[in-house]
Amino acid sequence: MPNTKELQNRINSIRDTMKITNAMYMISSMKLRKAKSKLENTEPYFESLKEEILNILLHFPDIKDRYFRNSDEELEQELETKRGFIIVVGDKGMAGAYNHNVIKEALLHINQDDRLFVVGEVGRHELAAEGFNVESEFLFSATNPSMHRARVISENIVEMYKEKELDEVYVIYTHMVNTMKSEVRKERLLPLKTHTFLKDEMIEKAMSEQGGKTREQIEREAEDWYNIYPGPRKVLDKLVYNYITGFVYGVLVEGSASEENARMMAMQAATDNAKEMLGELSIQFNRARQSAITQEITEVIAGAKALKKKKKKKAVL
């Protein structure tokens, strides 16, 4: 059994570590609330963008736009599809299985020919070590996501898509379902699918805002929209760009919130384990101290007995 000094050193070390894990828990909690607040404040704007895109698609069901494609038949005829993946990982560890889960999901979908746009230092190092084509100039942090960062990322990706450097763009990120559950998702960012916007509940809402008109009536009135400058297609292109920016921003915030939530849970588990270890070590320390005290008392008593015998022996002589 370790002596009392060794046990005391271990107890002090665990207490110091527990202070760190508890502080990290509090910091992650604050960052999580901040990330959630950002998302809640911006969601109404991007929801209204989706509604405006829906209105244009309802009025012009046959409109052709480079950002939309519902069928993959044309793409399948090509010999090679140029794909890009935006992968949102963390900048540091100590967040449980957060980074591992994202990278594991990414490895199921990517191949050596894909171009990887990795947000987060951990993901860049891991995927580059695996030999994948990680864009070296795409250096963005996953910490403190901002609208400016989302706009820069969107501009780069949309420009590559317009220049046909990429045929498809996917996003792999972590969605926080609730405080106890997160799931890694893979979603196609470009090209968009019309049915993403033409959902039944959204159509019903748009029609109610049109005074209860049927979809056929809305389509018949579409000719009046051509008088709007600069035209429905250019308006749609601008709305789609803003929608993509909002989608990227939402992904960055979701990833940041999921990371901080995972770190909170990991630090809480570490703190709980430290408390449990302190309890066990305290029992061992008390037993060791009691054993040492008992041994000292035994030695004193034995010494006293020996001294008493020695005095008796001298008295006899």
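Residues numbered from 1 in each chain as written. Predicted model: local features only at pLDDT ≥ 70, side-chain atom pairs only at ≥ 80, totals over all residues. Heavy atoms only, no water.

Participant: Pulling in residues and values, what's your account of the overall build of the chain?
Facilitator: When helices and strands are tallied, the chain shows nine helices and four strands. Mapped in sequence order, the helices and strands of the chain form the string α-α-β-α-β-α-α-β-β-α-α-α-α. Here the chain, with 317 residues, has 40% of them falling under the buried criterion. Taking contacts inside the chain between residues at least 6 apart in sequence as the whole, the part at least 24 apart equals 74%. (Helix = DSSP H or I, 4+ residues; strand = E, 2+ residues; numbered from the N terminus. Buried < 20%, exposed > 50% of the residue type's maximum accessible area, 1.4 Å probe, protein only. Contact = heavy atoms within 4.5 Å.)

Participant: So what about the nonpolar core? Which residues, and what values?
Facilitator: Among the nonpolar cores identified, the biggest contains 46 residues, and Ile86, Ile153, Leu189, Leu190 and Val240 are the most heavily contacted of them. For this core, the element with the most residues is helix H9 (residues 232-316), which contributes 15 residues. Counting residues in hydrophobic clusters, the runner-up holds 14 residues, among them Ile87, Val89, Ile110 and Val118. (Core = buried A, V, L, I, M, F, W, Y, C linked by side-chain atoms within 4.5 Å.)

Participant: Describe helix H4 (residues 121-129), with residues and values.
Facilitator: When H4 is considered as a whole, its buried residues turn out to be Val122, Gly123, Arg124 and Leu127. The elements touched by buried residues of H4 are strand E1 (83-88), helix H3 (98-109) and strand E2 (115-119). With its phi angle positive at about 90°, Gly131 sits one or two positions after the end of H4.

Participant: Residue-level account of a nonpolar patch on the surface, with values.
Facilitator: A contiguous nonpolar surface patch, about 260 Å² in accessible area, is contributed by Ile293, Ile297 and Ile301. Position of Ile301 relative to the elements: it lies in helix H9. (Patch = residues over 30% accessible without salt bridge, like charges linked within 9 Å, V, L, I, M, F, W, Y side chains within 5 Å. Areas by Shrake-Rupley, 256 points an atom, 1.4 Å probe, with all protein chains shown as cover. Salt bridge = Lys/Arg side-chain N within 4 Å of Asp/Glu carboxyl O.)

Participant: An account of the pairing of E1 is needed here, citing residue identities and associated values.
Facilitator: Of all six residues in E1, six are buried; the element is thus mostly enclosed. Covered by surrounding structure in E1 are Arg83, Phe85 and Ile87 together with Gly84, Ile86 and Val88, the residues of both alternating faces. With five bridges connecting them, E1 and strand E3 (residues 168-178) associate as parallel partners. By the bridge assignment for E3, Ile87 is matched with Ile172. (Pairing = 2+ DSSP bridges.)

Participant: Kindly report on unusual backbone geometry, identifying the contributing residues and their values.
Facilitator: Of note, the bond from Leu190 into Pro191 is cis; its omega dihedral lies within 30 degrees of zero at -10°. Following the sequence through the fold, Pro191 ends up in the loop between strand E4 (181-190) and helix H6 (194-197). The phi torsion at Asn144 lies on the positive side, around 50°, for a residue other than glycine. In this structure Asn144 comes out as partly exposed when scored by relative accessible area, which is 44%. Unlike most non-glycine residues, Lys164 shows phi in positive territory, near 65°. For Lys164, a relative accessible area of 63% corresponds to the exposed category.

Participant: Summarise the pairing of E2; cite the residues concerned and give the values.
Facilitator: Across the five residues of E2, four count as buried, placing the element largely inside the fold. Handedness of the crossover is the feature at issue here: the chain leaves E1, passes through H3, returns alongside E2, and the resulting connection is right-handed. (Right-handed = clockwise from strand over helix to strand, strands pointing away.)

Participant: Go over the packing of H3 against H4, please, and point to the residues and values.
Facilitator: Relative to each other, H3 and H4 sit at 45°, their axes nearing to 11 Å. Our classification of the angle between H3 and H4 gives oblique. Note on packing geometry: the crossing formed by H3 with H4 is right-handed. In contact with Asn99, Ile103 and Leu107 of H3, H4 contributes Val122, Gly123, Glu126 and Leu127. The class makeup of the residues in the contact of H3 with H4 is four nonpolar, two polar and one charged. (Axes fitted to C-alpha atoms, helices over the stretch in contact; angles between N-to-C directions. Parallel < 35°, antiparallel > 145°, perpendicular 65-115°, else oblique. Left-handed = near helix turned anticlockwise from the far one by under 90°. Nonpolar A, V, L, I, M, F, W, Y, C, P; charged D, E, K, R; others polar.)

Participant: Tell me what's going on with the sheet that holds E3, and back it up with residues and numbers.
Facilitator: If you walk across this open sheet you meet the four strands as E2-E1-E3-E4, and the pairing is mixed. Lying at the two open borders of the sheet, with one neighbouring strand each, are E2 and E4. Going across the sheet, the axis of each strand differs from the next one's by a mean of 20°, ignoring polarity.

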